Amino acid sequence: MKQEKKRSSKNLKINTRIAITAVLAIVIPIIIIATCSTVLFTTAGSFFNFSTVTTNSYSTINQIQWSQTLTGITDELTGDNSQEEKLEKIKGIALSLESIGSSIYIERDGKEFYSTGSARQVLDKAESIIKVQTDEDVNYFGDNGLVIVNHAQSSDGDYKIIIVNDDYTVNDASHRITAKDFTKLLLGRTGILVLIIVLLFVIAIAVISSITSGTIVTPIKKIAQGADEISRGNLDYEIDYKSTNELGQTVDSFNEMRLRLKNSIERQNKAEEERKELIAGIAHDVRTPLTSAKGYAEGLLDGIADTPEKQTLYLQTICSSINDTEKILDDLLAISKFQLKGYRLNKEDIPIREFVEDGAREIKTVLDSHNFNFSILINCDSNTLVSIDPDAFSRVISNIISNSIKYARDDAQGRIDITLSEYDRSVILEISDNGIGVDKKSLSKIFDAMYRADPARTKVSQGSGLGLSVCKQIVELHGGLIWASSRENQGLSIFISLPKKEVLE
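Owing to the predicted nature of the structure, the values given are computational and were not obtained by experimental measurement.

All right, on to the overall build of the protein chain then. Secondary structure assignment for the protein chain yields 13 helices and 12 strands. The proportion of buried residues among the 505 residues of the protein chain is 34%. Excluding contacts between residues fewer than 6 apart, the proportion of contacts in the protein chain whose partners are at least 24 apart in sequence is 64%. Of the roughly 30,700 Å² of accessible surface on the protein chain, a fraction of 54% belongs to carbon and sulfur atoms.

Moving on: the pattern of salt bridges. Side chains that carry opposite charge are capable of pairing whenever their charged atoms lie near each other. Tallied over the entire structure, the rule returns 14 salt bridges. Between D135 and K160 there is a salt bridge, with the nearest N and O atoms lying 3.8 Å from each other. With D135 in the loop between α5 (119-129) and β3 (138-142) and K160 in strand β5 (residues 157-165), this residue pair connects regions lying 25 residues apart in the sequence. Overall, the relative accessible area of 66% leaves D135 in the exposed class. Among the residues examined, K160 registers a relative accessible area of 14% and is labelled buried. As a salt-bridge pair, R353 and E357 come within 3.2 Å of each other at their nearest N and O atoms. Of the two residues, R353 and E357 are both situated in helix α10 (residues 352-369); the distance of four residues between them amounts to about one turn of the helix. On the accessibility criterion, R353 (28% relative accessible area) is partly exposed. E357 sits in the partly exposed class, given a relative accessible area of 32%. In the salt-bridge network here, residues are joined through shared partners; they are E107, D135 and K160.

With the rule as written, the count across this model stands at six aromatic pairs. Here a set of aromatic residues connected by ring pairs shows up, and it is made of Y58, F141 and Y168.

So, on to the side chain of S103. Within the secondary structure, S103 sits in strand β1 (residues 103-108). Exposure remark for S103: the relative accessible area of 8% places this residue in the buried category. Within polar-contact distance, the side chain of S103 engages the side chain of K125 at 3.1 Å.

The description of two packed helices rests on the angle between their axes and on the distance between the axes. As a packed pair, α10 and helix α11 (residues 390-406) sit with axes 11 Å apart at the nearest point and diverge in direction by 35°. Viewed along their axes, α10 and α11 form a crossing whose handedness is right-handed. Taking contact as the criterion, the partners of F355, I363, V366 and L367 in α10 are, on α11, P390, F393, S394, I397, I401 and I405. The residue inventory of the contact of α10 with α11, partitioned by class, reads nine nonpolar, one polar and no charged.

A few words on unusual backbone geometry. Phi at D109 is positive, roughly 50°, even though this residue is not glycine. Its place among the elements puts D109 in the loop between β1 and β2 (111-115). Positive phi outside glycine occurs at N371, with the angle close to 60°.

Moving on, we come to the nonpolar core. Counting 40 residues, the largest nonpolar core has L429, I446 and I496 as the members making the most contacts within it. Sorting the residues of this core by element identifies α10, β8 (384-388), α11, β9 (415-422), β10 (426-433), α13 (467-477), β11 (481-486) and β12 (492-503) as the ones contributing at least two each. In terms of residues, this core owes the most to one element, α11, which gives seven residues. When sequence neighbours within four positions are dropped, the list of residues in contact with I496 reads F393, V396, I400, V427, I428, L429, V475, L481 and I482. In this structure, W66, L77, L97 and F113 belong to the second largest nonpolar core, which totals 20 residues.

Quick look at the confidence of the model for the protein chain now. Taken as a whole, the protein chain shows an average pLDDT of 78; of its residues, 77% reach a score of 70 or greater. Every residue in residues 173-179 scores below 50 in pLDDT, and together they form one contact with partners more than four places removed in sequence or on other chains. Per-residue pLDDT stays below 50 along residues 453-464; that stretch engages in 24 contacts with residues further than four places along the chain or on separate chains.

Regular strands show a simple pattern: their side chains alternate between the two faces of the sheet. As judged from the seven bridges shared by strand β7 (residues 373-379) and β9, these two strands associate in the parallel manner. Looking at β9, one finds that N373 is bridged to R415. Here β9 runs beside β10; their pairing, made up of seven bridges, is antiparallel. Residue pairing in the sheet places D417 in a bridge with S432 of β10. Hairpin connection of β9 to β10: three residues between the antiparallel strands.

Helix length check: α11 (17 residues) gives 24 Å between terminal C-alpha atoms against 24 Å at 1.5 Å per residue, within 8%. Among the residues of α11, P390, A392, F393, V396, I397, N399, I400, I401, N403, S404 and I405 are the ones counted as buried. Its side-chain oxygen 3.2 Å from the backbone nitrogen of D391, D389 forms the N-cap of α11.

Attention now goes to the side chain of S486. Its location among the elements puts S486 in strand β11. From its side chain, S486 meets the backbone oxygen of G491 in a polar contact 2.8 Å long. Apart from the residues lying within four places of it in its own chain, the contact partners of S486 are G437, V438, L443, G491 and L492.

The subject of this paragraph is the sheet that holds β1. Sheet strands pair via backbone hydrogen bonds, and the direction of the pair is either parallel or antiparallel. Pairing in this open sheet of five strands is antiparallel, and the strands run β2-β1-β5-β4-β3 from one edge to the other. The open sheet has two edge strands with one neighbour each: β2 and β3. Geometrically, the sheet is characterised by an average inter-axis angle of 15° between neighbouring strands, direction not taken into account. When β1 meets β2, the two strands line up antiparallel, connected through four bridges. Within the sheet, the bridge partner assigned to Y105 lies in β2 and is S115. Sheet strands in contact with helix α3 (residues 60-77) are β1, β2, β3, β4 (145-154) and β5, and its direction is about 150° off that of β5.

Conventions we followed
Residues numbered from 1 in each chain as written. Predicted model: local features only at pLDDT ≥ 70, side-chain atom pairs only at ≥ 80, totals over all residues. Heavy atoms only, no water. Helix = DSSP H or I, 4+ residues; strand = E, 2+ residues; numbered from the N terminus. Buried < 20%, exposed > 50% of the residue type's maximum accessible area, 1.4 Å probe, protein only. Contact = heavy atoms within 4.5 Å. Areas by Shrake-Rupley, 256 points an atom, 1.4 Å probe, with all protein chains shown as cover. Salt bridge = Lys/Arg side-chain N within 4 Å of Asp/Glu carboxyl O. Phe/Tyr/Trp six-rings, centres within 6.5 Å; stacked < 30°, edge-to-face > 60°. Polar contact = N/O pair within 3.5 Å; in protein donor to acceptor, adjacent residues only side chain to side chain. Axes fitted to C-alpha atoms, helices over the stretch in contact; angles between N-to-C directions. Left-handed = near helix turned anticlockwise from the far one by under 90°. Nonpolar A, V, L, I, M, F, W, Y, C, P; charged D, E, K, R; others polar. Core = buried A, V, L, I, M, F, W, Y, C linked by side-chain atoms within 4.5 Å. pLDDT = per-residue confidence, 0-100. Pairing = 2+ DSSP bridges. Expected span 1.5 Å × (residues − 1).

Here you go:
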């Protein structure tokens, strides 16, 4: 079962990261400010004096102070304390208000509960500032005074709260603030609060931007470094970044490109080395018989061959050298032809058993001339078809037989055995000999062009080293496989597997 990739923030797409950054840049400062504001209003009230009225001049802070004070009075009146405890608490709150000239009147269920002076005095002072309907809530902050009327309900009764201060002023809104006043405001507590809020926004955005930028810039730097290494030819450098987002996909593409480029260069280098070896081998192998032919031809011209018998021997040697050269060039031409991409075999659907049996008769004639024993074993139906080019495949068998003859042992009579076997989807042709065989180290290379187990390449007459390479080219063009098994000095077996075409009805 394919393992699912572990989810990680590294896998987020770039568009998603930018969207999340934008949201967090707004949400996080708001959360921080809301949290800090709650803390400030609940625990830092004494620093800003929110819960105590400190002046009779209107301002935002002063209005908050009056609101907090009124809330404190209402909470005390509607609490669960006894009437005596409530009265003591109210006296404590009223004391600070009365110290700045405020008058307070509180009644419960129409009866006086607490009053600064008489109830009539408080109501008359309120009426002198603004026409008051005591059944309605009033919050009046004017240059001629302050009037607050509020109502509260609790389980032990209904309360009416009236607060009056005729020594209250409201600054003229048209008054232009001076630079000194502005500096005072800026450096005051309100300015500090605003500054804190702005700093929180700036810090939050900077941190989030830094984190997001790091997650994008870091892999881009790695990609740039990897591209630089690859451009300098370091194809072993791997970019170390794993992710499923766009940057991770780009890194994977870079690494894959690097591997393909490395493999391509290695294949090119290998092909170039093989080409150089092939040219060197052909040059050596062609030069050897030509040198021989040239030497014997000069011997004829110089009169060294002074008898008819010598002249005949010299001419036979020259012809043999020319034949060896022709065989090398013929094999080389065959390899070049089969390697062409546009080359097509002339395939026919033929019974493989009939093909092998017909070829066996020609093989036996050749082997008899070399004093070789020969046997054939066929385990295949007569109606089993394969799609092959008869001429090309005949060349494969001929090259293998020639190879077995050339590398026969001097201490044993030569023998070649052919076995044809049929399987569900293929037929396998085995051609075995009892020759000198191939050592384990060389076995995997015998199908390479110009390869011979003879490193000195002195036995050119025994073959060009191209024969088995031609066999491999032809078999693979047929969609088949060719391989070998051997033990040194005990012979060589060549196996050819071909796909079956069909079975005749």
